[in-house]
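# Coordinates in review
Each chain, written out:
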Number of protein chains: 2
Amino acid sequence: MNITFLNDPKLSILLPVIYLAWQDDILTKDEFKALNNFINNQDSFTKAEKEFLKSKIDLNTPPGRSELFHWKDLINRALKNNKKPGSLTQLGFLIANADRQVYTKEDIQKFESSFAQLESDLGIMSQEVISGLCETRDTITNKHETVESFSAQKMTALLDGDQAPVINRIKGIINSPEFAFETSTDTAVYREKVLEWCKILAKEGYGSYAYPKKYGGSGDIEGYFTIMETLSYHDLSLVIKFGVQFGLWGMSVMFLGTEKHFKKYLNDIGKLEIPGGFAMTETHHGSNVKGIQTTATYNHETRSFTITTPTEYDRKEYIGNAAVHGEMVTVFAKLIIDDHDYGVNAFIVPIRDKERNVLNGVRIKDCGHKMGLNGVDNGIIYFDNVEIPYDNMLDRFAQVNEKGEFVTSIPSDNRRFFTMLGTLVGGRIGIPRSALAAAKTGLAIAIKYGDNRRQFGPDGGFEVPILNYRMHQQRLMPYLANAYAMHFGLQYLTQRFLNRTEYDMQEIEALAAGMKSYSSWNTRDTLQECREACGGKGYLSENRLDDLKNDTEIYTTFEGDNTVLMQLVAKNRLGEFRKQFGEMNIATIFSYVLDQAKTAVTEKNPFATRNTDDKHLKDAEFHLHAFKYREKELVGSAARRFKKLVDDGLDTFDAANIMHPHMLQIAYAYLDRVFLEQFQQQLEKADESLKEVLTRLYNLFAVNKLLENKSWYLEQGYMEGSKTKALRKLFSQLCWEIRRDAVPLVDAFNIPENCLAPIVTTKSKEA
Amino acid sequence: MNITFLNDPKLSILLPVIYLAWQDDILTKDEFKALNNFINNQDSFTKAEKEFLKSKIDLNTPPGRSELFHWKDLINRALKNNKKPGSLTQLGFLIANADRQVYTKEDIQKFESSFAQLESDLGIMSQEVISGLCETRDTITNKHETVESFSAQKMTALLDGDQAPVINRIKGIINSPEFAFETSTDTAVYREKVLEWCKILAKEGYGSYAYPKKYGGSGDIEGYFTIMETLSYHDLSLVIKFGVQFGLWGMSVMFLGTEKHFKKYLNDIGKLEIPGGFAMTETHHGSNVKGIQTTATYNHETRSFTITTPTEYDRKEYIGNAAVHGEMVTVFAKLIIDDHDYGVNAFIVPIRDKERNVLNGVRIKDCGHKMGLNGVDNGIIYFDNVEIPYDNMLDRFAQVNEKGEFVTSIPSDNRRFFTMLGTLVGGRIGIPRSALAAAKTGLAIAIKYGDNRRQFGPDGGFEVPILNYRMHQQRLMPYLANAYAMHFGLQYLTQRFLNRTEYDMQEIEALAAGMKSYSSWNTRDTLQECREACGGKGYLSENRLDDLKNDTEIYTTFEGDNTVLMQLVAKNRLGEFRKQFGEMNIATIFSYVLDQAKTAVTEKNPFATRNTDDKHLKDAEFHLHAFKYREKELVGSAARRFKKLVDDGLDTFDAANIMHPHMLQIAYAYLDRVFLEQFQQQLEKADESLKEVLTRLYNLFAVNKLLENKSWYLEQGYMEGSKTKALRKLFSQLCWEIRRDAVPLVDAFNIPENCLAPIVTTKSKEA
């Protein structure tokens, strides 16, 4: 009689390994050899038995499929009738003893260690393999799912606040058939469509929303920001075109002009009767706008100005609304009177007539195709001695008097220029809010997709929604927390701006510059992760991540290059610090040192630096202290480092250059702290039913930021490795928990259905 | 007589502060008040003098411009005739004493501290301000520039190696007028252009380069990779279309088929007479391709197969060449014989006739517009019971015999499927090499632009090339170092693949999967930084970063999602580890523990963890040890963690889920180490004249990677804060040094002129 596993059951002890050797992709040729040797060394098997076993692992005569199925049956039977075994060898014993006791307990003890050694040598992960062999598996990962632990509507109400009416009106408009997305790749078609959308909005009174009622507006600048933000769920070319026309163009007139300009222009601008632009940037002067070279030469005889582009490099570049639609632009130019340069001033310069013909002396080039925002007609403008009347000077901060003399209340050219720019800081509020809306849309798409899309799963189990994978959660949940943090932070910025005084203007400018950078970079990173999280679906333009990403790409550059802006933020912080703590002021040094010493006592003691208690790690006071400590230390050390570099003989410009990366960290630390504080304040105010989920999100925001900077905290000795590791674990747990809230949390953004993507809105969700 | 600064020179001690108060944007209203109080408190001034001074800081009567100019003259004179003063007060003394000694040394000592206190209270940075007042400044930052410290040609020769002939031929082709970039936004036009380009390449014999000579090819698979890489300096739609046709389609026939298929198809595929595709991915099965649902049912009577798409979700998706041009595709489907599922096999299925008519039973949808690669016609394919002849089964690894039985040398469906996929690993070599070429192009554009573009500068000095800013250097130089590291690493991967044996196939597959992910993510990050580094210019499509970014965006997803692939890499490493170090193997545990202990002695002693010596930080042995230590520790701790989780009762699937982020780190640590080793080997081999610059680049790569992981090293106690800070300083210094070599280093990529951007190639470089 031939030997088989059935008639010689003791051989079944090796059956699981042999089955796996063929069924799974786990053994190399050498390992087959090792298995062969192992069999040869088993003294309890007869020669015939050994030959049988060896024949079953002969690479030249693999088992047929029916034999594999038969083995699987034997395995299944053993698994069904017994507790899950701990190793393949134990499984082997179960198979062998299925019908009668072939191996005694003593036998098992005798064999077990050498067989376990075999499994280990072959690199088999027994537990994993056995789990795979079990036919149905009910894992924690499988069961995790979306729950409704709070009301998304209530959350929307919290987010929208008293702006809900205008938000809902705008959402109604962009969700209407007229606002169906333009899918033509023809730039000319797209630009006209965007203009048409702007006209509809203007007709409804949204263009002039920020302008005084006297000039046809609603006098509601907060509403204007809300409109910009809400439109950003829709097409971002529309947002930017809208912002160029009613914000940059209209508000340059409103903030830099005087009564005569308001009367003459504001009403028409708000109705889009005069499409216009904002011509500041030049080819050679983008970030360093103070250095622009365009001139406005005053002619006293004719009481007019002549606008001139001196060289190719001084042409106005990237000007929105210039390539096709604009009829006038606000031009920033150096005012020259009698060969004397009176610094940068602003002028209204007509560039086209009503029939879109370019006027004499003006040359316009199209910037051509861009990475995104192709619905906006950016252009390059040259002025070949264009004469404009006296009244076209926007003369709020400086005038030419009747004698032809320059008159100003701000004699410093520098200060006057930055005062002018300061009035335009609103752009740095509109842009980060628009960026945030784009990030929210991306998150809504990626999170809803991840909640539905299934891929992989335990062997023998169902495939799992990809949002149940920890890795996937850790890619998306921190950005969801950021979105909420940034929402509250940008609300705060808006309120600070609306209630500004001259006294805190510098701080508000720094805050706006910082939040613009922070938010636009955060959007860049959020959308990148969302695209990748949606895989191939994320690459299809219909699913919107294409436009969201490419349109917001330039947000990190325009309205001030982020890297440059962050330096300004840091400079402001350092200036504040210097005021509090002059180099020579003994009293303040003393109190500073004392303060630091206190930190050393209360926070840098071994108990605190090693405290891994969950309650402590979720303690808002701990967070705030850690954030403030970082901010303060970075500022203080920057001042010390800079002084040392200069004391060592470096030119201050060279010293500042070395300090740039350090300065960037100061700006981040400052903004992180502001966002943290604002989130904390929201927790206190929020409806009880929202507190739990908001607290989870808040904790994730705080912990994530601490982890982003953990190497700094470790270097400082503010935390030890055990604590940062505990934070990491908490991070994973928070992401896991928030995953269940993630869909309602993005539903709370209440993004119009047609602004989402087919992958998450059509019935065949995954198709 | 009215008091003036000229007739009462002692008052000039305050002139610099007053001048700055108006000229610069530094004092608030409150600070004006503080200055007022300060003046009131000066006992050495008369009442009239105080009134004069206070009148000069009266916000209601600002000085005229001519007065400001006058003050500036006084300041300039003092600065010109004296050594640079250390504070504004010292500058004030110099002005006061300009004509005669108004203040004695004793006076100066008397006044100095209270005036310094004033400056400090006002937050004035004296040094910076004084530097700003100096009319010409010669800073280190200004003078830094590109040098030619080595021969770019020699470097090109090193990079190209023996592939130079084919590289130069391809560069000649893509630099020809026929290959001028297509600028139409009409997808249909673009697709035809790309097809035309592919035909030109096919005609020249480049399509069939990898195929055996017997079937019309050159039998040169290394050359094929080189072609893919070199084409990637040009249009990436061309690269992908080329790769789909000659790689995916042609090589699926070459590697999965047998002689009869080679004879029938290879020659025509290589000549692009049969455009085709590779139909594996399904809507519901992208990453988890093992789970695809398309079926190929064998009909014994007719000896044919029927290809069927069971449900909407099982359609083939994203198939390149399918939407317009493809005539045949390799379809992956589950083979069904007599209702029995024999696992995934591959079949050639015709989908269109020569006139581009879709065949009966086939339905094709266009994937539509994508984020990038719009020159490739991706499509969705449904098969409604399409019958194909017996010979269309690609039968290298499994066959249906004459009796209608399934026959295979690899009985495990799993193993057979992965063996099939393993033969196609070449795609995971072509893609990362293509990605690297795109990153090189981006770097060449951004670095050359940064070398020319000037913005800001010391007050009174010229504007500075932005590449002289440390921040800008630190954004770009690490990616330049990465590009070289990756170049050498991918050369190594290619050689390992060309010299592969069955024995090391698993490792090569892991290496390819890992490098594909590593390289495509690195390209994503490189191009993002390059785009931002070019500001608005980087946003214009003509400057190529648009297409480079958007085309390579999908590289992180296709040919295997990076996140999934990195898990496979880590699994492979863990498997290797388990083989070396089974749980029960006392001997290996002992040697492992001993090894760790040795590390503790040699590397974790306080001297090593705190060693900030420059030589040590640049020591290749230190680098290699640190990289290996990280790799080993991560693998070891993963094994321990996983075991603990399972021992604690978690299902292995849940435990694995928790481990995913840890696994990602393992994959990174492994790849970092391989890239480091390969870079080290290149240093030894390189021409003497290149060693210095390559060593700098190598050091930057090593130091940058150590810094990326510094929190881990700090947590482990492998380094202390003093050491990581020293690494950070070295990093800054290396970036500063490499900036001088940066232009020749990108010139060494020898990228065809027309593949670069107008911002760096036209004469008016910055225009």
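Residues numbered from 1 in each chain as written. Chains lettered and ligands numbered in written order. Predicted model: local features only at pLDDT ≥ 70, side-chain atom pairs only at ≥ 80, totals over all residues. Heavy atoms only, no water.

### Considerations on the overall build of chain A
For chain A, the helix and strand inventory stands at 30 helices and twelve strands. The C-alpha atoms of chain A give 34 Å as radius of gyration, which overshoots the globular expectation for 767 residues (27 Å, by more than 25%). Expressed as lengths along the three principal axes of its C-alpha atoms, the size of chain A is roughly 125 × 65 × 50 Å. Residue burial in chain A is summarised as follows: out of 767 residues, 62% are buried. Sequence separation of 24 or more characterises 75% of the internal contacts of chain A that already satisfy a separation of 6 or more. Side-chain charges of chain A comprise 93 positive and 102 negative groups, with the mean position of each set lying 3 Å from the other. (Helix = DSSP H or I, 4+ residues; strand = E, 2+ residues; numbered from the N terminus. Rg over C-alpha atoms; globule rule 2.2 N^0.38 Å. Buried < 20%, exposed > 50% of the residue type's maximum accessible area, 1.4 Å probe, protein only. Contact = heavy atoms within 4.5 Å. Lys, Arg positive; Asp, Glu negative; His and termini not counted. Charge placed at Lys NZ, Arg CZ, Asp CG, Glu CD.)

### Focus on the interface of chain A and chain B
Each side of the interface is counted separately: chain A has 138 residues, and chain B has 138 residues. Remark: the boundary between chain A and chain B carries ten salt bridges. Among the ionic pairs, glutamate 553 of chain B bridges to arginine 531 of chain A, the shortest N-O distance being 2.7 Å. In this assembly, chain A and chain B are joined by 61 residue pairs in polar contact (both at pLDDT 80 or more). (Salt bridge = Lys/Arg side-chain N within 4 Å of Asp/Glu carboxyl O. Polar contact = N/O pair within 3.5 Å; in protein donor to acceptor, adjacent residues only side chain to side chain.)

### Structural notes on the pattern of salt bridges
Pairing is possible between side chains of opposite charge, provided their charged atoms come close. Summed over all chains, the structure comprises 86 salt bridges over all chains. For glutamate 688 of chain A, the salt bridge goes to lysine 691 of chain A, with nearest N and O atoms at 3.1 Å. Of this pair, glutamate 688 of chain A and lysine 691 of chain A both sit in helix 27 (residues 688-708), three residues apart, which is roughly one turn of that helix. Accessibility expressed as a relative area gives 23% for lysine 691 of chain A, which makes it partly exposed. The residue arginine 610 of chain B makes a salt bridge to glutamate 720 of chain B at a minimum N-O spacing of 3.0 Å. Of the two residues, arginine 610 of chain B sits in the loop between helix 23 (606-609) and helix 24 (614-617) while glutamate 720 of chain B sits in the loop between helix 28 (710-716) and helix 29 (721-747), which places them 110 residues apart along the sequence. On the basis of relative accessibility, which here comes to 46%, the residue arginine 610 of chain B falls in the partly exposed class. Look at glutamate 720 of chain B and you get partly exposed, because its relative accessible area is 30%. Through salt bridges that share partners, Arg475, Glu529 and Glu532 of chain A together with Arg524 and Asp525 of chain B make up one connected network.

### Quick notes on helix 9 (residues 152-160) of chain A
Residue and element names in this part refer to chain A. Every buried residue belonging to helix 9 is among Ala152, Met155, Thr156, Leu159 and Asp160, and all of these are buried. The buried residues of helix 9 occupy one face: seen down the axis, they fall within an arc of 130°. Tucked into the core, helix 9 has its buried residues touching helix 10 (164-174), helix 17 (470-498), helix 27 and helix 29 (721-747). Once helix 9 ends, the next one or two residues include glycine 161, with phi positive near 55°. (Arc of directions from axis to C-beta.)

### Quick look at the packing of aromatic side chains
Using the criterion set out here, one finds 66 aromatic pairs over all chains in the structure. Seen in terms of ring centroids, tyrosine 298 of chain B and phenylalanine 305 of chain B are 5.4 Å apart; in terms of plane orientation they differ by 50°. Their pairing is tilted. By the ring-pair criterion, three or more aromatic residues cluster together here, those being Tyr484, Phe488, Phe679, Tyr698, Phe701 and Phe749 of chain A. It is arginine 303 of chain A that lies over the ring of tyrosine 390 of chain A; its NZ or CZ is 3.8 Å from the centre. One cation-aromatic arrangement involves arginine 500 of chain A over phenylalanine 497 of chain A; the distance from NZ or CZ to the ring centre is 4.1 Å. (Phe/Tyr/Trp six-rings, centres within 6.5 Å; stacked < 30°, edge-to-face > 60°. Lys NZ or Arg CZ within 6 Å of the ring centre and 35° of its normal.)

### Overview of the state of the cysteines
Residue and element names in this part refer to chain A. On inspection of all chains with the given rule, the structure shows zero disulfides over all chains. Unpaired in terms of disulfides, cysteine 198 finds its nearest cysteine sulfur in cysteine 755, a separation of 15 Å. Cysteine 755 sits in the buried class, given a relative accessible area of 0%. (Disulfide = S-S within 2.5 Å.)

### A look at the confidence of the model for chain A
Residue and element names in this part refer to chain A. Averaged over every residue, the pLDDT of chain A is 91; residues scoring 70 or more account for 95%. In this model residues 583-587 is a low-confidence stretch, pLDDT under 50, and it forms eight contacts with partners more than four residues away in sequence or in other chains. Note that pLDDT drops below 50 for residues 763-767; the model gives that stretch 15 contacts with residues more than four away or on any other chain. (pLDDT = per-residue confidence, 0-100.)

### Considering the relation of the copies chain A and chain B
When chain A is fitted onto chain B, the two copies agree to an RMSD of 0.1 Å after a turn of 180° and an axial shift of 0.0 Å. Such a combination of turn and shift is consistent with a two-fold rotation axis. Residue serine 711 of chain A of chain A places its C-alpha closer to the rotation axis than any other residue of that unit, at 2.1 Å. (Least-squares fit on C-alpha atoms with pLDDT ≥ 70 in both.)

### Thoughts on helix 26 (residues 652-685) of chain B
Residue and element names in this part refer to chain B. Taking 1.5 Å of rise per residue, the 34 residues of helix 26 would be expected to cover 50 Å, and the 46 Å separating its terminal C-alpha atoms lies within 8% of that figure. Maximum bend of helix 26: about 55°, positioned at histidine 660, with proline proline 661 one to four residues after it. Most of helix 26 is tucked away, with 27 of its 34 residues classed as buried. (Expected span 1.5 Å × (residues − 1). Bend = angle between axes of the 7 residues up to and from the residue.)

### Observations concerning the sheet that holds strand 7 (residues 362-366) of chain B
Residue and element names in this part refer to chain B. Strand order in the open sheet formed by three strands is 4-8-7, with antiparallel pairing between adjacent strands. Bordering the open sheet on either side are strand 4 (316-319) and strand 7, each of which pairs with just one other strand. Neighbour-to-neighbour, the strand axes of this sheet turn through a mean angle of 25°, independent of strand direction. As paired elements, strand 4 and strand 8 (residues 379-383) share two bridges and run antiparallel to each other. Counted as the bridge partner of isoleucine 319 is glycine 379 from strand 8. (Pairing = 2+ DSSP bridges. Axes fitted to C-alpha atoms, helices over the stretch in contact; angles between N-to-C directions.)

### Examining the packing of helix 17 (residues 470-498) of chain B against helix 29 of chain B
Residues and elements named next belong to chain B. Relative to each other, helix 17 and helix 29 sit at 70°, their axes nearing to 8 Å. If you check the angle between helix 17 and helix 29, you find them roughly perpendicular. Helix-helix and strand crossings are classified by hand; for helix 17 and helix 29 the assignment is left-handed. Counting all contacts with helix 17, which are made through Arg470, Gln473, Gln474, Met477, Pro478, Leu480 and Tyr484, the residues of helix 29 involved are Arg728, Phe731, Ser732, Gln733, Cys735, Trp736, Ile738, Arg739, Ala742, Leu745 and Val746. (Parallel < 35°, antiparallel > 145°, perpendicular 65-115°, else oblique. Left-handed = near helix turned anticlockwise from the far one by under 90°.)

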